[in-house]
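A look at the structure
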Amino acid sequence: MAAGSPIELVALTKRYGTTLAVDAIDLKIAAGSYCCLLGPSGCGKTTTLRMIAGHEAASQGDILLGASNVTDLPPASRGTAMMFQSYALFPHLTVLDNVGFALKMRGVDKAERDAKARELLGLVDMANYVDRLPGQLSGGQQQRVALARALITEPQVLLLDEPLSALDPFLRIRMRAELKRLQRELGITFIHVTHGQDEAMALADMIVLMHDGKISQAGTPREVFNKPANEFVAKFIGGHNIVDRAGKKFAVRSDLMNLQTKKPAAKTDAILGTISEIEYQGTAFHITLAGKTGEDLIIQLAENKFDTTPLKVGTEVYAIWEPSLAHALG
Ligand code: ATP
């Protein structure tokens, strides 16, 4: 299997008429890394992926894959392969022939392409299903076949468009672990579009969070979670409260805030409010606080902390946090 290649996007732009779908983005993705393009509907992630694949022409800018500029190359000559959201298997072809299809198009003889298809089906644990038709497989099995089919051309970069969205939640978590395992074993670069922040956190070496055709932040999951670049990132990633201090905005992780009824010591920051909701979430209680100065906060209290503080809906409490835990937003 070919080793992964680094990818670089340089001022990559896509216009549809007057819509600026992707707005001059610059991005470097390291060879052999798992990159998730994350963001709300319409932010431009699919368009970016399709431009890298060559299914959409760039309006401006460049796509560099390893040492080559692939911006104007047809999809099959780029060293990329794409796995689609609807796995798009050919319904009348067996699993083996679906996986071998790209090699057939390249004129590889049957014995060789069958051998290669069997090898890849082994890799995704589907060696026992070679003679089935796609309609005789579960959603998760179809997805594995689609993966094997995308990998048969030995791409340096695998592009995945919401690959887990059609699966039920349990299977989604299992398949995402398998994607990660495959990426590690093959060492190729994965670029995976998702609008699920949990999915991106679980999978990515690098999260690229997009908003309105631009990159809001690119970094490791821990960087993006602990040091959100701006209010949009903090809200999209979740798990933060945004507080205003002297006209400056800060993000404070909701699990790093605490609640107390007595007036806090001067050296901690605090917001006084009234509890408007208490939800039990298993590992923690999520407590919504209506702040006296207008802001709504959510505080996650671990079960044992909750048990030591008498809190009810309607209780007046201070949300407190160590000032050093507040992260300034740009
Ligand atoms: P989703 O999560 O909903 O798939 P996305 O982040 O992948 O969203 P894109 O599909 O890349 O978003 O779309 C970005 C913008 O470009 C949107 O405003 C969309 O309406 C617009 N757009 C996408 N494809 C076309 C097209 N073929 N013609 C015109 N506008 C388009």
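Please read these numbers as outputs of a predicted model, since none were measured by experiment.

One way to put it is that helix α2 (residues 95-105) packs onto helix α3 (residues 110-123) with a least axis distance of 8 Å and a crossing angle of 120°. One finds that α2 runs oblique with respect to α3. In this structure, the crossing between α2 and α3 has a hand that is right-handed. Across the interface between the two elements, Val95, Leu96, Asp97, Val99, Gly100, Leu103 and Lys104 from α2 touch Lys110, Arg113, Asp114, Lys116, Ala117, Arg118 and Leu121 from α3.

Time to look at helix α5 (residues 169-186). For α5, spanning 18 residues, the distance from its first C-alpha to its last is 26 Å, which sits close to the expected 26 Å at 1.5 Å a residue. For α5, every residue scored as buried is listed here: Leu171, Met175, Glu178, Leu179, Lys180, Leu182, Gln183 and Leu186. Packed against the buried residues of α5 are β3 (34-38), α3, α4 (139-151), β7 (157-161), β8 (189-194) and α6 (197-203). The positive-phi residue at the C-terminal boundary of α5 is glycine 187, with phi of around 70°.

The end-to-end C-alpha distance of α4 is 19 Å, a good match for the 18 Å that 13 residues give at a rise of 1.5 Å each. For α4, a buried count of 11 out of 13 residues is recorded, marking the element as mostly surrounded by other parts of the structure. Considered for burial, the residues of α4 that qualify are Gly140, Gln141, Gln143, Arg144, Val145, Ala146, Leu147, Ala148, Arg149, Ala150 and Leu151. Tucked into the core, α4 has its buried residues touching β6 (80-83), α2, α3, β7 and α5.

Moving on, we come to the side chain of glutamate 199. The residue glutamate 199 is located in helix α6 in this model. Among buried charged residues, glutamate 199 stands out as having no salt bridge; its nearest opposite-charge side chain is arginine 172, 5.0 Å away. Contacts of glutamate 199, omitting those with residues within four sequence positions, involve Leu164, Arg172, Arg176, His192 and Thr194.

With that out of the way, let us pick up the environment of methionine 206. The residue methionine 206 is located in strand β9 (residues 206-211) in this model. A residue is classified by how much of its surface remains accessible, and methionine 206, at 16% relative accessible area, is buried. Spatially, the C-alpha atom of methionine 206 lies 21 Å from that of glycine 79, the residues being 127 residues apart in sequence.

What follows concerns unusual backbone geometry. Leaving glycine out, the prevailing phi sign among residues is negative, and the prevailing peptide bond configuration is trans. The phi angle at alanine 11 is positive, at roughly 45°, despite the residue not being glycine. With respect to the helices and strands, alanine 11 occurs in strand β1 (residues 7-16). Not every positive phi belongs to a glycine, and aspartate 212 is a case in point at roughly 50°. Summarising the element assignment, aspartate 212 is placed in the loop between β9 and β10 (214-219). Under the relative-accessibility criterion, aspartate 212 is labelled exposed at 59%.

Turning to the pairing of β1, a few remarks are in order. As paired elements, β1 and strand β4 (residues 60-65) share five bridges and run antiparallel to each other. Of the residues in β4, the one forming a bridge with valine 10 is aspartate 62. Where β1 lies against strand β2 (residues 19-29), seven bridges are found, and the strand directions are antiparallel. In the strand pairing of β2, tyrosine 16 is matched with threonine 19. Counted along the chain from β1 to the antiparallel partner β2, the turn is two residues long, and its residue glycine 17 has a positive phi close to 60°.

Here we come to the site of the ligand. Taken together, Tyr16, Ala21, Pro40, Ser41, Gly42, Cys43, Gly44, Lys45, Thr46, Thr47 and His195 make up the full set of residues near the ligand. Here glycine 44 contributes a backbone N or O atom positioned 3.0 Å from an oxygen atom of the ligand. Threonine 46 places a side-chain nitrogen or oxygen 2.5 Å from an oxygen atom of the ligand. Isolated, the ligand exposes 630 Å² of accessible area, and the fraction of that covered by the protein chains is 58%.

In this section: the domain arrangement of the chain. Partitioning the chain into structural domains gives domain 1 (7-226) and domain 2 (240-328). Averaged C-alpha coordinates put domain 1 and domain 2 at centres separated by 40 Å.

What counts and how
Residues numbered from 1 in each chain as written. Predicted model: local features only at pLDDT ≥ 70, side-chain atom pairs only at ≥ 80, totals over all residues. Heavy atoms only, no water. Axes fitted to C-alpha atoms, helices over the stretch in contact; angles between N-to-C directions. Helix = DSSP H or I, 4+ residues; strand = E, 2+ residues; numbered from the N terminus. Parallel < 35°, antiparallel > 145°, perpendicular 65-115°, else oblique. Left-handed = near helix turned anticlockwise from the far one by under 90°. Contact = heavy atoms within 4.5 Å. Expected span 1.5 Å × (residues − 1). Buried < 20%, exposed > 50% of the residue type's maximum accessible area, 1.4 Å probe, protein only. Lys, Arg positive; Asp, Glu negative; His and termini not counted. Salt bridge = Lys/Arg side-chain N within 4 Å of Asp/Glu carboxyl O. Pairing = 2+ DSSP bridges. Near = heavy atom within 4 Å. Polar contact = N/O pair within 3.5 Å; in protein donor to acceptor, adjacent residues only side chain to side chain. Areas by Shrake-Rupley, 256 points an atom, 1.4 Å probe, with all protein chains shown as cover. Domains from an automatic or database assignment.

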